Amino acid sequence: SKFDRKLVFPNKQQITASNSGVDLLRNLMLPRLNVNPLDGSVSLNDGSSVQLCINGRKVGKEEIQALIPSDILRIEYLEDPGLRYGDAGAVVNYIVRRYELGGSVSTSAQQSPYVMWGNYNVSGKVNYKKSEFGIWYGAYSHKFENAWRTNEETFAKEDGTFLHRTEEGIPDVTSEYAQWGGISYNLQEADNYMLNASVGFWNENKPRTGFHSTLYTREYPELATERLDFAHNRNSRPWFDIYFQKELKKKQFLALNVVGTYIGSHNRQNYQEILDNEFVADYFSGVQGDKYSIIAEGIYEKTFKKSRFSSGIKHTQAYSDNEYSGTLNYNTQMKQADTYAYAQYNGKWKKMNYTLGVGVTRSWYQQIGQEDYETYQFNPRFSLSY
C-alpha cells in the first residue's frame, strides 16, 4: 500500500486461470470493483466509472481485453484518484512487461451452444529493441429470442388521486452486433520516455432493439393497449490517440496527450400504442448525426517522499451536426468547447491520508443561429482518510 494507491501483484494461479487483462482483474477480486465477464466493462459498486490505463496511458476496455495476462507485472489500484481523472471513481493501471525482441499472439472466444451469443478477440504484438508494434480486433454477436420488459408506474395528480400503470412484457426478438480494432506503435526507454501512437475504430449495429408489451391502467383495466417500442441503431467511431510522457529529474513527470474522434450515428425509433385495432399513439423518429472532436491534455507531477503534487489542463473542442426526421423534422448544428484545469496535493501524515485540490471548468457552446452560452465551475476538493 502506497499513500495514494494499492499495488496488486497477481500470483501464478490467477495468471494461469485468466485469458485477458479483464479476466485477470476479475480473478483478483479487488474491493468495490465490478467486472462484467460478458462485455468486459468495469465499474464500481455505486455505479461510478472506472478509468483504465496501461503504463499510465488512458485506454479503453478493448486494449485491456487484448493484454496477455503473463505480461502483466502488477496492477495499480487508485480508489481516490483525484482531480486528474475527472469524475472517475477509481483508476486501474496495468503495469505491463516490455520485451526487446520477440512477439506474441493471443485469442479468446466465448460462444453459447444454445443461442446466438458470442464474444471474440484476437491480438498480437512484435517487439524490437525500444519499439513495439501491436494490433487487435474483436467482435460480438448477440441475439435473444425471448426478451421482454415489465414496468410499474404511479402518477400523482393535482387533485390527490393516483393512476397506476402496468406494462407486461411479451417475449420478442432483439439483436446487436459490433466489431472493433486498432493498430499501435510504442517507443519506450525505461525510466526516461514513452511515445505511443494508435488508431482504431468501433462499429455497432443494433438492427432490432426494443420491446413488445401490453399496457394498462389499474383504474381502467378494460382500456389495455398494445405497445410496440422498437429501434434500429447504427454507430461508428474511428479515432486516433497520440501520447507522450517524459520522466524528468527529481521525480518529476510530464505527459502530453492528443485524441481525435469522429462519431457517426444513424438511429431510427418507432413507438406505437394500439387500442381496439386503432392507433392512439404513433411516432417515428430518425436521427443522423456527425460529431467531430479533438481533445488535448497536459499533465505535470512532482513526487516527494510521502506526497505528490499534480496539475494539468485539458481542452475539448467539438462540432456536431444532427438531422432529425420523422414525426418532426429539423436540423441542429452545435459548437462546443470545454477547458478543465486543476492543481492537487495529496500525501500521508502518520496514518492519515489527505488530499487538497481545486479544479476549474469553463464550458462554452453555441447552436448555430442562436446566442452562445458560457459557464464557469469551481470544484474544490478536500478529503481525509484513516
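Throughout, a residue's number is its position along its own chain's written sequence, starting from 1. Totals for whole chains, interfaces and linings use every residue, but because this is a predicted model, local features are given only for residues with pLDDT of at least 70 and side-chain atom pairs only at 80 or more, for both listing and counting. Only hydrogens and water are set aside when side-chain values are computed; all heavy atoms of the structure are taken into account.

## So, the overall build of the protein chain
Here is step 1 of the chain: Helix and strand definitions follow DSSP, with helices as H or I runs of at least four residues and strands as E runs of at least two, each counted in order from the N terminus. For the protein chain, the helix and strand inventory stands at three helices and 22 strands.
Here is step 2 of the chain: Counting only C-alpha atoms, the protein chain reaches 75 × 55 × 45 Å along its principal axes.
Here is step 3 of the chain: Each residue's exposure class comes from its accessible area (1.4 Å probe, protein chains only) as a fraction of the maximum for that residue type: buried when under 20%, exposed when over 50%, partly exposed otherwise. Counting all 386 residues of the protein chain, 39% fall into the buried class.
Here is step 4 of the chain: Within the protein chain, residue pairs in contact and separated by at least 24 positions form 59% of the contacts whose partners lie at least 6 positions apart.
Here is step 5 of the chain: Carbon and sulfur atoms make up 55% of the accessible area of the protein chain, which totals about 22200 Å². Here, two residues are considered to be in contact whenever any of their heavy atoms come within 4.5 Å of each other. Note on areas: Shrake-Rupley with a 1.4 Å probe; residue coverage comes only from the protein chains shown.

## Some remarks on the pairing of strand β7 (residues 90-96)
Here is step 1 of the chain: Most of β7 sits out of view: seven of its seven residues are buried.
Here is step 2 of the chain: Alternating residues of β7 divide into Ala90, Val92, Tyr94 and Val96 and Val91, Asn93 and Ile95, and every residue in both groups is buried.
Here is step 3 of the chain: Any two strands are treated as partners once DSSP identifies two or more bridges connecting them. In this structure, strand β4 (residues 50-54) lies alongside β7, joined through five bridges in parallel fashion. Following the sheet pairing, Cys53 is matched in β7 by Asn93.
Here is step 4 of the chain: For strand β6 (residues 72-78) and β7, the ladder comprises six bridges, and the chain directions are antiparallel. Bridge pairing in β7 links Ile72 to Val96.

## Describing the nonpolar core
Here is step 1 of the chain: Buried residues of nine kinds, namely Ala, Val, Leu, Ile, Met, Phe, Trp, Tyr and Cys, make up a nonpolar core once their side-chain atoms join them within 4.5 Å. With 23 residues, the main nonpolar core has Leu25, Leu33, Ile64, Val92 and Tyr94 as its most contacted residues.
Here is step 2 of the chain: Only α2 (21-28), β2 (33-35), β3 (42-44), β4, β6 and β7 provide two or more residues apiece to this core.
Here is step 3 of the chain: For Ile64, the residues in contact, after removing those within four places along its chain, are Ser20, Gly21, Val22, Leu52, Cys53, Ile54, Val59 and Tyr94.
Here is step 4 of the chain: Counting residues in each nonpolar core, the second largest holds eight residues, with Met194, Ala255, Ile299 and Tyr342 among its members.

## Things to note about the confidence of the model for the protein chain
Here is step 1 of the chain: Per-residue confidence from the predictor is reported as pLDDT, a score between 0 and 100. Looking at the protein chain as a whole, the pLDDT averages 90, with 100% of positions reaching at least 70.
Here is step 2 of the chain: Per-residue pLDDT, averaged within each element of the protein chain, yields its smallest value for helix α3 (residues 61-65) (85) and its largest for strand β16 (residues 239-248) (95).

## Observations concerning the sheet that holds strand β5 (residues 57-59)
Here is step 1 of the chain: The strand order β1-β6-β7-β4-β5 describes an open sheet built from five strands, whose pairing is mixed. Taken across any chain shown, the strands that pair with only one partner, and hence form the sheet edges, are β1 (6-8) and β5. Going from strand to strand, the sheet's axes swing by 30° on average, the running direction of each strand aside. With axes taken as lines fitted to C-alpha atoms, and helix axes fitted only over the stretch in contact, angles between N-to-C directions fall between 0 and 180 degrees.

## Quick notes on the packing of aromatic side chains
Here is step 1 of the chain: Ring pairs are drawn from Phe, Tyr and Trp, using the six-membered ring of Trp, whenever the two centres fall within 6.5 Å, and their geometry is named by plane angle: stacked under 30 degrees, edge-to-face over 60, tilted for the rest. Under the counting rule described, the total for this entry stands at nine aromatic pairs.
Here is step 2 of the chain: When the ring of Trp180 is compared with that of Trp202, the centres are 5.1 Å apart and the planes differ by 15°; the resulting orientation is stacked. Note that Trp180 is positioned in strand β13 (residues 172-189) and Trp202 in strand β14 (residues 193-217), a separation of 22 residues in sequence. The exposure classification of Trp180 matches that of Trp202, with both residues buried.
Here is step 3 of the chain: Through a chain of ring-to-ring contacts, the aromatic side chains of Tyr140, Trp180 and Trp202 assemble into a single cluster.

## Points about the pattern of salt bridges
Here is step 1 of the chain: In what follows, salt bridge is the name for a side-chain nitrogen of Lys or Arg lying within 4 Å of a carboxyl oxygen of Asp or Glu. Inspection of every chain in the model, using the stated rule, returns 21 salt bridges.
Here is step 2 of the chain: We note a salt bridge from Asp229 to Arg149, for which the minimum N-O separation is 3.6 Å. Residue Asp229 is located in strand β15 (residues 220-236), and its partner Arg149 is located in the loop between β10 (131-147) and β11 (151-156); the two are separated by 80 residues in the primary sequence.
Here is step 3 of the chain: For Arg149, a relative accessible area of 22% gives the class partly exposed.
Here is step 4 of the chain: With its nearest N and O atoms 3.8 Å apart, the salt bridge here joins Glu176 to Lys206. Of this pair, Glu176 sits in strand β13 while Lys206 is found in strand β14, placing the two residues 30 residues apart along the sequence.
Here is step 5 of the chain: One connected set of salt bridges, linked through shared partners, spans Asp71, Arg98, Lys125 and Glu132.

## Some words on a nonpolar patch on the surface
Here is step 1 of the chain: Like-charged residues within 9 Å of one another, or nonpolar side chains (Val, Leu, Ile, Met, Phe, Trp, Tyr) within 5 Å, are grouped into patches, provided each residue has over 30% relative accessible area and no salt bridge. A surface patch of nonpolar side chains, amounting to about 560 Å² of accessible area, comprises Ile135, Ile183, Val199, Phe240, Ile242, Val258 and Ile294.
Here is step 2 of the chain: Following the sequence through the fold, Ile183 ends up in strand β13.

## Some points on the pairing of β6
Here is step 1 of the chain: In terms of burial, β6 is a largely internal element, five of the seven residues being buried.
Here is step 2 of the chain: As judged from the three bridges shared by β1 and β6, these two strands associate in the antiparallel manner. Among the inter-strand pairings, Lys6 is bridged to a residue of β6, identified as Tyr77.

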